[in-house]
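The residues making up each chain are set out below.
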Amino acid sequence: MTTFDDFDAWADAIRGANLQLTCDRVETPAWTLGMLPLGDVALQVAGEGGGNICYGANTHTGPILFVPLTHAGEHLVNGISLDEESLLVIPRGADFSIRVSRWAHAWCSVALPASVSLAAEHIFGSRRATCPPGSVPALRRLVHEVAAALLDQPTGTLAHEAAGRDILAAAAACLAAPPPPPPRGVTGRPRLDRAAIIRRAMEAIDTAPTLPTAAELARQTEVHDRTLLRTFQETFGIAPKQYLMLRQLHQLRRILAAQPADDTTVADVLTRHGIWEFGRFSGRYRRHFGELPSETLARARAGRSRRSPPVRR
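The present account deals with the structure reproduced in this document. For every chain, the first residue of the written sequence is number 1, and numbering continues from 1 onward in sequence order. Totals for whole chains, interfaces and linings use every residue, but because this is a predicted model, local features are given only for residues with pLDDT of at least 70 and side-chain atom pairs only at 80 or more, for both listing and counting. Remark: hydrogens and water are excluded; side-chain values derive from all non-hydrogen atoms of the structure.

### Thoughts on helix H6 (residues 214-221)
Next up, step 1: Of the positions making up H6, those classed as buried are Leu 217, Ala 218 and Thr 221. Axial view of H6: buried residues confined to an arc of 100°, hence all on one face.
Next up, step 2: Numbering of helices and strands runs from the N terminus, with a helix taken as a DSSP run of H or I at least four residues long and a strand as a DSSP run of E at least two residues long. Glu 222, located one to two residues past H6, shows a positive phi value of around 65°. Buried residues are those whose accessible area, probed at 1.4 Å on protein chains only, stays under 20% of the maximum for their type, while exposed residues exceed 50% and partly exposed ones sit between those limits. Throughout, the arc means the angular range of directions from the helix axis out to the C-beta atoms.

Structural data, given as structure tokens:
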């Protein structure tokens, strides 16, 4: 198990999906990640020091199961809450969203082989699956046991292959039940429409030279402002404006941490990205990351100095 004190470094280490991650409401500035190749199964076990907003797509050759290990009810997947008896099924190539607010939490992903067949309802998109009673808790217990036994052991042993077969059987037990009907009380656009709106919005954000405003994002996504607002609130629990602010914070943190030139200032970076309220931005940055932008920049310079070879005279 590897421990990170930087959210972005932790996010870059996750495998099996193309992810856009933004941390929110950090409780403890520590994130952990353990990876276990188990024959035909790949297991990732992760711990997060706070909330997270995630949008991504499965890049694994087979389906992936996302299973909360703690605070299951705080996980909102594709706009729908999970519970102790449910998980998220992500077919190969499918996109998905996950929102966890306020809580430090743990989760695992189980990447299954391409030979695993899914029910027809799961083939064309990611979906919350309510599983047979006791099957998800059983899978969760098995993941804890396998991680405790094998994370610190050399990989590729017969024990790893046996553990992979056990997890594959437990995953199959979770997928044995047909998917439930949509939860009662869900109003507004159908889930597939909402997923399409989020997909178009993320494409617009990722391809724009600068982050758009919420109004610009609605125009680029070709929906009304109120539709975009409702879709983001149902999917991520926050408004588009708040989501864009989080993306901006993470984007600028990456730039400041990229060891810029010695004469670069925080003001230089902020003005290049359209920010003139330096004090207000610094306050948001400090509340989110626990340090000022200037401290991030200073640490990046110190790291570069330690790695630079001495100058020969």
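### Notes on unusual backbone geometry
Next up, step 1: One non-glycine residue, Asn 78, lies in positive phi territory at about 50°.
Next up, step 2: Position of Asn 78 relative to the elements: it lies in the loop between strand S7 (75-77) and strand S8 (80-81).
Next up, step 3: Exposure remark for Asn 78: the relative accessible area of 10% places this residue in the buried category.
Next up, step 4: The phi torsion at Glu 222 lies on the positive side, around 65°, for a residue other than glycine.

### Quick notes on the pattern of salt bridges
Next up, step 1: Salt bridges, as used here, are contacts in which a Lys or Arg side-chain nitrogen is within 4 Å of a carboxyl oxygen on Asp or Glu. Taken as a whole and judged by the stated rule, the model has 11 salt bridges.
Next up, step 2: Its salt-bridge partner being Arg 254, residue Asp 12 comes within 3.0 Å of it at the nearest N-O pair. In this pair, Asp 12 is assigned in helix H1 (residues 7-13) and Arg 254 in helix H8 (residues 240-256), connecting sequence segments 242 residues apart.
Next up, step 3: The exposure class assigned to Arg 254 is partly exposed, which follows from its relative accessible area of 39%.
Next up, step 4: Between Glu 234 and Arg 194 there is a salt bridge, with its nearest N and O atoms 3.0 Å apart. Remark: Arg 194 occurs in helix H5 (residues 191-207) and Glu 234 occurs in helix H7 (residues 225-236); sequence separation between them is 40 residues.
Next up, step 5: A relative accessible area of 6% means that Arg 194 is categorised as buried.
Next up, step 6: Counted as one network, the salt bridges with shared partners bring together Asp 6, Arg 253, Glu 291 and Arg 299.

### A few points about the packing of aromatic side chains
Next up, step 1: Note on aromatic pairs: the rings of Phe, Tyr and Trp (six-membered ring only in Trp) are paired at centre separations within 6.5 Å, and the planes decide the class, stacked below 30 degrees, edge-to-face beyond 60, tilted for the rest. Scanning all chains against the criterion turns up 9 aromatic pairs.
Next up, step 2: Residues Phe 7 and Trp 10 carry aromatic rings whose centres are separated by 5.6 Å and whose planes lie at 40° to one another, so their mutual orientation is tilted. Placement of the pair is Phe 7 and Trp 10 together in helix H1, with a separation of 3 residues, close to one helical turn. In terms of burial, Phe 7 and Trp 10 fall into one category: buried.
Next up, step 3: Taking the centre distance of 5.6 Å and the plane angle of 40° together, the rings of Phe 66 and Trp 107 count as tilted. Separated by 41 residues along the polypeptide, Phe 66 in strand S6 (residues 64-68) and Trp 107 in strand S11 (residues 105-111) bring together distant segments of the chain. Exposure class is identical for Phe 66 and Trp 107. Each is buried.

### Digging into the nonpolar core
Next up, step 1: To form a nonpolar core, buried Ala, Val, Leu, Ile, Met, Phe, Trp, Tyr and Cys residues must be joined to one another through side-chain atoms within 4.5 Å. Residues Trp 10, Ile 98, Leu 217, Phe 232, Phe 236 and Tyr 243 are the most contacted members of the largest nonpolar core, which totals 53 residues.
Next up, step 2: Only heavy atoms enter the contact rule, under which two residues are in contact if any of them lie within 4.5 Å. Among all residues touching Tyr 243, those that are not within four sequence positions of it are Gln 20, Thr 22, Ile 53, Met 202, Ile 205, Phe 232, Phe 236 and Ile 238.
Next up, step 3: In terms of nonpolar packing, the next biggest core, distinct from the first, is built from 30 residues, Leu 69, Cys 131, Ala 147 and Leu 150 among them.

### Topic: the packing of helix H3 (residues 135-150) against helix H4 (residues 158-174)
Next up, step 1: Think of each axis as a best-fit line through the C-alpha atoms, taken over the contacting stretch in the case of a helix, with angles from 0 to 180 degrees between the N-to-C directions. Relative orientation of the contacting elements H3 and H4 amounts to 165°, with a least axis distance of 9 Å. Taken together, H3 and H4 sit at an angle that is classed as roughly antiparallel. Here H3 and H4 pass one another in a crossing that is left-handed. For the pair formed by H3 and H4, the contact residues are Ser 135, Val 136, Leu 139, Leu 142, Val 146 and Leu 150 on the first element and Ala 159, His 160, Ala 163, Asp 166, Ile 167, Ala 170, Ala 171, Ala 173 and Cys 174 on the second.
Next up, step 2: Broken down by class, the residue content of the contact of H3 with H4 amounts to 12 nonpolar, 2 polar and 1 charged. For this classification, under 35 degrees means roughly parallel, over 145 means roughly antiparallel, 65 to 115 means roughly perpendicular, and everything else is oblique. Note: crossing handedness is left-handed where the near helix turns anticlockwise from the far helix by less than a right angle, and right-handed where it turns clockwise. When residue character is reported, Ala, Val, Leu, Ile, Met, Phe, Trp, Tyr, Cys and Pro are called nonpolar, Asp, Glu, Lys and Arg charged, and the others, Gly included, polar.

### A word on the sheet that holds S8
Next up, step 1: Strands were regarded as paired on the criterion that DSSP finds at least two bridges between them. The 5 strands lie next to each other as S2-S5-S10-S7-S8, forming an open sheet whose pairing is antiparallel. What marks the edges here is a single partner per strand, and that holds for strand S2 (17-26) and S8.
Next up, step 2: Pairing between strand S5 (residues 50-58) and strand S10 (residues 95-100): 6 bridges, direction antiparallel. Bridged to Asn 52 within S10 is Val 100.

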